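Fold and geometry: a report
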Amino acid sequence: MGKSGKSPGGGRAPPTEKTTSPWPSDVTYLTSLHYGDDVKRAKEIYAKYRVSGDDPILASAASTKKIARWQRIVDANHPARGEHGLFASRKLERGERIVDYLGHVSLRGNESQTSDYTASFGDAHELALDAEKMGNEARMINDFRNTGKRANALFDQYVDAAGDTKLGVFVGPHAIGKGEEILVSYGKGFWRNRVGDMSAFTGHDE
Ligand SMILES: C[S@@+](CC[C@H](N)C(=O)[O-])C[C@H]1O[C@@H](n2cnc3c(N)ncnc32)[C@H](O)[C@@H]1O
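Residues numbered from 1 in each chain as written. Predicted model: local features only at pLDDT ≥ 70, side-chain atom pairs only at ≥ 80, totals over all residues. Heavy atoms only, no water.

With an unreviewed UniProt entry as reference, the protein is termed SET domain-containing protein, source organism Micromonas pusilla.

1. Considerations on the sheet that holds strand E6 (residues 97-100)
Adjacent strands of a sheet pair through backbone hydrogen bonds, lying either parallel or antiparallel. Ordered in space as E6-E13-E12, the 3 strands form an open sheet in which the pairing is antiparallel. On the outer flanks of this sheet lie E6 and strand E12 (153-159), each paired with one strand and no other. Strand-to-strand twist in this sheet, taken as the mean axis angle between neighbours without regard to direction, amounts to 35°. Here 7 bridges tie E12 to strand E13 (residues 165-171), and the two strands are oriented antiparallel to one another. (Pairing = 2+ DSSP bridges. Helix = DSSP H or I, 4+ residues; strand = E, 2+ residues; numbered from the N terminus. Axes fitted to C-alpha atoms, helices over the stretch in contact; angles between N-to-C directions.)

2. Section: the pairing of strand E7 (residues 104-107)
Each regular strand displays side chains that alternate between the two surfaces of the sheet. Bridge count between strand E3 (residues 34-35) and E7: 2 bridges; the pairing is parallel. In the sheet register, Tyr35 faces E7, and the bridge partner there is Val105. Of the strand pairs in this sheet, E7 and strand E9 (residues 127-130) are connected by 4 bridges, and their pairing is antiparallel. Looking at E9, one finds that Val105 is bridged to Leu129.

3. Describing the pattern of salt bridges
Applying the stated criterion to the full structure yields 8 salt bridges. Its salt-bridge partner being Asp164, residue Arg50 comes within 4.0 Å of it at the nearest N-O pair. With Arg50 in the loop between helix H2 (43-49) and helix H3 (61-67) and Asp164 in the loop between E12 and E13, the pair connects residues that are 114 residues apart, well separated along the chain. Note on accessibility: Arg50 and Asp164 belong to one class, buried. Through salt bridges with shared partners, a single network forms among Arg97, Asp100, Asp160 and Lys166. (Salt bridge = Lys/Arg side-chain N within 4 Å of Asp/Glu carboxyl O. Buried < 20%, exposed > 50% of the residue type's maximum accessible area, 1.4 Å probe, protein only.)

4. Some words on the sheet that holds strand E8 (residues 118-121)
Sheet architecture is open: 4 strands sit in the order E3-E7-E9-E8, paired in mixed fashion. Two strands close off the open sheet at either side, each with one partner strand: E3 and E8. Two strands pair when backbone bridges link them, and E8 and E9 are joined in this way by 4 bridges, in the antiparallel orientation. Looking at the pairing, Thr118 lines up with Asp130 of E9.

5. A look at the packing of aromatic side chains
Scanning all chains against the criterion turns up 7 aromatic pairs. For the ring pair Tyr49 and Phe121, a centre distance of 6.2 Å and an interplane angle of 40° mean the geometry is tilted. Here Phe121 lies in strand E8 and Tyr49 lies in helix H2, a separation of 72 residues in the sequence. A single burial state applies to Tyr49 and to Phe121, both of which are buried. With a centroid separation of 5.8 Å and 85° between ring planes, the pair formed by Tyr158 and Phe170 is classed as edge-to-face. You can see Tyr158 sitting in strand E12 and its partner Phe170 sitting in strand E13, a full 12 residues away along the chain. Like Tyr158, the residue Phe170 is buried in the burial classification. Among the aromatic residues, those joined into a ring-pair cluster are Trp23, Tyr29 and Trp70. (Phe/Tyr/Trp six-rings, centres within 6.5 Å; stacked < 30°, edge-to-face > 60°.)

Here's what the structure looks like:
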């Protein structure tokens with residue numbers, strides 16, 4: 001199992017930049033995916049996706065900060081004002097991996113039904129990845145709907161140099177300018193489950 005702590009950087013004090021909020025105290029900061037016992041018991045599945053076993057490649061908060069930073073949203077017109085968002089620290093080129101979506105991995109069906117941080121994972125969507133209680137910067141990424149902007153990033157599964165399967169967030173379809181908010185599409189299903197009627201939403205999936 002990879003290292004995890006209560007704050008980015010393995011327990012050190014949270015970042016202090018004016019534009020950067022402290023890491024939420026109720027969310028454990030992860031540097032690698034956290035696999036649940038249910039997946040570990042499903043030995044074939046665990047071995048397929050977590051090839052590195054207890055020795056995964058760890059993400060570093062310092063490296064991520066050079067690419068993207070989370071920030072409290074103060075824009076009164078932003079639909080997620082008062083919450084956090086993730087913003088580009090520099091110009092990001094199309095196709096570049098911004099960050100991995102880290103969280104707790106469970107077998108599909110065992111995930112929280114109330115979390116707003118759940119993503120489908122695995123070749124056949126046989127896993128769920130939930131960043132509600134543990135995760136990294138990627139959990140701060142908002143959906144583009146009602147922001148007046150288009151999605152500029154997308155989720156894609158890939159295999160890292162250690163052979164582990166990850167859910168990456170990649171730049172696309174265009175480059176992202178320095179300071180721009182990183183926005184994805186959660187998919188219509190996410191919002192339908194929450195609001196039912198989608199007519200209040202502006203913007204459309206690419
Ligand atoms: C994965 S979290 C994103 C990060 C969240 N803003 C935070 O500070 O933790 C998903 C939640 O963000 C908010 N959110 C994201 N995109 C939004 C949008 N386009 N309009 C309204 N709320 C949004 C909703 O509260 C949603 O449940």
